[in-house]
Amino acid sequence: MTSRGPLTLAALASAAVPGLDPTSVEGVVGTGPARPYDVAFVQDHEHRRWVIRCPRTPAASAGLEQSAALLALLSRRLTMPVPAVKGWVPLPEGGRAAVSAYLTGRRVELASIAPGSALASGLGRALAQLHNLDRRIFEEAGVPVYEAEAYRTRRLAELDRAAAMGRVPTGLLTRWERTLEDLSLWRFTTTPTHGAIGGGTVLATPDDGEEPEIKGFLGWESAQVADPADDLAALVDELHPEALDTVMEAYAHARADRPDRHLHRRARLVHEMSLVRSMMTAVAAGDDEAAEDLARQLRRLDEPHVGGHPVARHEPHDVARHEADRILTLGGECSVSVAPFAALAKQYCEDLAVVWIDSHPDTDTNATGYDGYH
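This write-up is about the structure you can find in this document.

What counts as what
- Residues numbered from 1 in each chain as written.
- Predicted model: local features only at pLDDT ≥ 70, side-chain atom pairs only at ≥ 80, totals over all residues.
- Heavy atoms only, no water.
- Core = buried A, V, L, I, M, F, W, Y, C linked by side-chain atoms within 4.5 Å.
- Buried < 20%, exposed > 50% of the residue type's maximum accessible area, 1.4 Å probe, protein only.
- Helix = DSSP H or I, 4+ residues; strand = E, 2+ residues; numbered from the N terminus.
- Contact = heavy atoms within 4.5 Å.
- Axes fitted to C-alpha atoms, helices over the stretch in contact; angles between N-to-C directions.
- Parallel < 35°, antiparallel > 145°, perpendicular 65-115°, else oblique.
- Left-handed = near helix turned anticlockwise from the far one by under 90°.
- Pairing = 2+ DSSP bridges.
- Phe/Tyr/Trp six-rings, centres within 6.5 Å; stacked < 30°, edge-to-face > 60°.
- Polar contact = N/O pair within 3.5 Å; in protein donor to acceptor, adjacent residues only side chain to side chain.
- Salt bridge = Lys/Arg side-chain N within 4 Å of Asp/Glu carboxyl O.

Concerning the nonpolar core
Core analysis: the largest hydrophobic core is formed by 42 residues, its most contacted members being Leu74, Leu123, Phe138, Phe217, Trp220 and Leu235. Counting only elements with at least two residues in this core, the list comes to helix H2 (58-74), helix H3 (118-131), helix H4 (135-141), strand E8 (202-204), strand E9 (214-217), helix H7 (233-238), helix H8 (241-254) and helix H9 (263-284). Ranked by the residues each element gives to this core, the list is headed by H3, at 7 residues. Residue contacts for tryptophan 220: discarding those within four places in its chain leaves Ser67, Leu71, Leu74, Leu78, Val82, Pro83, Leu130 and His194.

Below, the structure written as C-alpha cells:
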C-alpha cells in the first residue's frame, strides 16, 4: 500500500495537466490506514485550484478509473457540475493518479440543513435528477449494475457477515433479517445512484449573504445502478425530521416515476447496516476505539422492550401510510396533512385496492433519530 505526501502529489499533478505550474499544495488529512486515496489540493500560478487523487490500492485504482469514465458522461447530462478528470499520470507501481478542477463551494453538514430551506428542497431535486437518469449511461461507464432481487441478495450476504462478527445484537440481526426477507419491500426499480451521499459529499454555493443552495456532489467512486434508498441512508439518520420532510417532498415531486412506498424503510436499513461495514473496516485497520464506538451505536439501535413488547416509534413514512389507511377506512376525502409525506399518503389512497387498517406488527418502527475528497 503506497502512500505519498503533498509535495509528491503536487509534482504528479504538474505532470498530469499541461500548464499546471504548482505554487502551493495542501494535503488532505487521511481517514486512517484504510483510506483508499492520497489527496491534495494544488494551486497553480494562474490561481486555479486542482484536486489530485492518487489510489493506494489496486481496488481504489479500478474504482477511480470507473468513476472518471462515468463523470465524463455525467458532465454532459447533469445540470449540476461534477468533478470531471482533466488529466492523468501513470504511477510506478501501476494504475494512474487523476487530477480534476476544484469545485468551489462549501461542504454541507446534513444536521445543519433547516426545514423548508433552499438547501433541503435543492437536495431533494438534485437526488431526483440523478435517479431520473437513463441507467444506460452508467452501464456505458462500466460501473456495477444491479436489479432489485440481486441487490437484496447482496444485503443478505452482508447480514451473514454481520452475524459472523459476533458483535451485533441478536435482536438487531433478527429485525434486519425480517426486513430483508419481506419481499414486498424489495419490489422496486433500481436507479443510477451516487452511493456515498453524506456530509462530506454534498456541496453548496458559498454562504456569502444569500441563502445557499445545493451545487453538486463530490466523491463519485461508489456510483452504481442500485437501490435509490442508498442515497437517502445518511439523510434519514442525520437530518432533522422536518428537514427530511422537505427533502422528500421535493424529491417526490421531481422524480420521473413515483418513489416506491418502502423507500424510507430501506434507507433506514441501509444506514443501520452501514455501521457494520464501518466496524469491519475499523477492525481490519486495528482501530479498536472506533470499532467499539460503532458497536455501541449498534447496541443503541437494538429494539427496546417494555413488558415484552417492542416500543413503537413510527417513521414519518409509516405515519403517512397509517393516515392514508385511516382515511380510506372512514370513507373520507383523501386530504392528508402529514407533510410532506402527504403526497405519498395520497398515493396510497389512489393505489390501494384493498382497504385495511391494523397495527402492522412487522413494520420497522425503529426511528433512530466520506469525505468526498478522501
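Some remarks on the packing of helix H6 (residues 170-181) against H9
Packing of H6 against H9 leaves a shortest axis separation of 11 Å and a crossing angle of 135°. When the axis of H6 is compared with that of H9, the two are oblique. For the crossing formed where H6 meets H9, the hand is left-handed. Residues Leu172, Arg175, Trp176, Thr179 and Leu180 of H6 lie in contact with H9, whose contacting residues are Arg265, Leu269, Glu272, Met273 and Val276.

What to know about the pairing of strand E4 (residues 85-90)
For E4 and strand E5 (residues 96-101), the ladder comprises 5 bridges, and the chain directions are antiparallel. When the bridges of E5 are listed, valine 89 appears paired with alanine 97. The hairpin turn running from E4 into E5, its antiparallel successor, is 5 residues long, and glycine 94 in that turn takes a positive phi close to 110°.

A short note on the sheet that holds strand E6 (residues 106-107)
If you walk across this open sheet you meet the 3 strands as E6-E8-E9, and the pairing is antiparallel. With one partner strand each, in any of the chains shown, E6 and E9 form the two edges of the open sheet. As judged from the 3 bridges shared by E8 and E9, these two strands associate in the antiparallel manner. When the bridges of E9 are listed, valine 202 appears paired with phenylalanine 217. Sitting on the sheet, H3 touches E6, E8 and E9, and the angle it makes with E9 is about 40°.

A few points about the side chain of glutamate 158
With respect to the helices and strands, the residue glutamate 158 is situated in helix H5 (residues 148-165). Once you skip the residues sitting within four places of it in the chain, glutamate 158 turns out to touch Met273 and Arg277.

Comments concerning the packing of aromatic side chains
Throughout the structure, instances matching the rule amount to 4 aromatic pairs. On the basis of an interplanar angle of 80° and a centroid distance of 5.3 Å, the ring pair of phenylalanine 41 and tyrosine 102 is categorised as edge-to-face. One end of the pair, phenylalanine 41, is in strand E2 (residues 37-44); the other, tyrosine 102, is in the loop between E5 and E6, with 61 residues separating them in the sequence. Given the relative accessible area of 12%, phenylalanine 41 is considered buried. Overall, tyrosine 102 belongs to the partly exposed group, its relative accessible area being 23%. With a centroid separation of 6.4 Å and 55° between ring planes, the pair formed by phenylalanine 217 and tryptophan 220 is classed as tilted.

Some thoughts on the environment of arginine 4
Mapped onto the fold, arginine 4 is located in the segment before helix H1 (6-16). Here the alpha-carbon distance between arginine 4 and aspartate 38, two residues 34 residues apart in the chain, equals 6.5 Å. Dropping the residues within four chain positions of it, arginine 4 is found in contact with Leu9, Leu12, Asp38, Cys54, Leu91, Pro92 and Glu93. Of note is the side chain of arginine 4, whose polar atom sits 2.8 Å from the side chain of glutamate 93.

What to know about the pairing of E5
Relative to E5, strand E3 (residues 49-55) is paired through 4 bridges, and the arrangement is antiparallel. Bridged to isoleucine 52 within E5 is valine 99.

Observations regarding the pattern of salt bridges
Evaluation of the coordinates by the stated rule reveals 21 salt bridges. The salt bridge partner of arginine 48 is glutamate 46, with a shortest N-O separation of 3.5 Å. Measuring nitrogen to oxygen at the nearest pair gives 2.8 Å for the salt bridge that ties arginine 266 to aspartate 260. Neither arginine 266 nor aspartate 260 differs from the other in exposure class; each is buried. Taken together, the shared-partner salt bridges in this structure form one network comprising Arg167, Glu292, Asp293, Arg296 and Arg299.

A closer look at the side chain of aspartate 260
Considering the arrangement of structural elements, one finds aspartate 260 in the loop between H8 and H9. Relative accessible area serves as the criterion here: at 17%, aspartate 260 is assigned to the buried category. A polar contact of 2.8 Å, which involves the side chain of aspartate 260, links it to the side chain of arginine 266. In this structure, aspartate 260 is in contact with Phe188 and Arg266, ignoring residues within four places of it in sequence.

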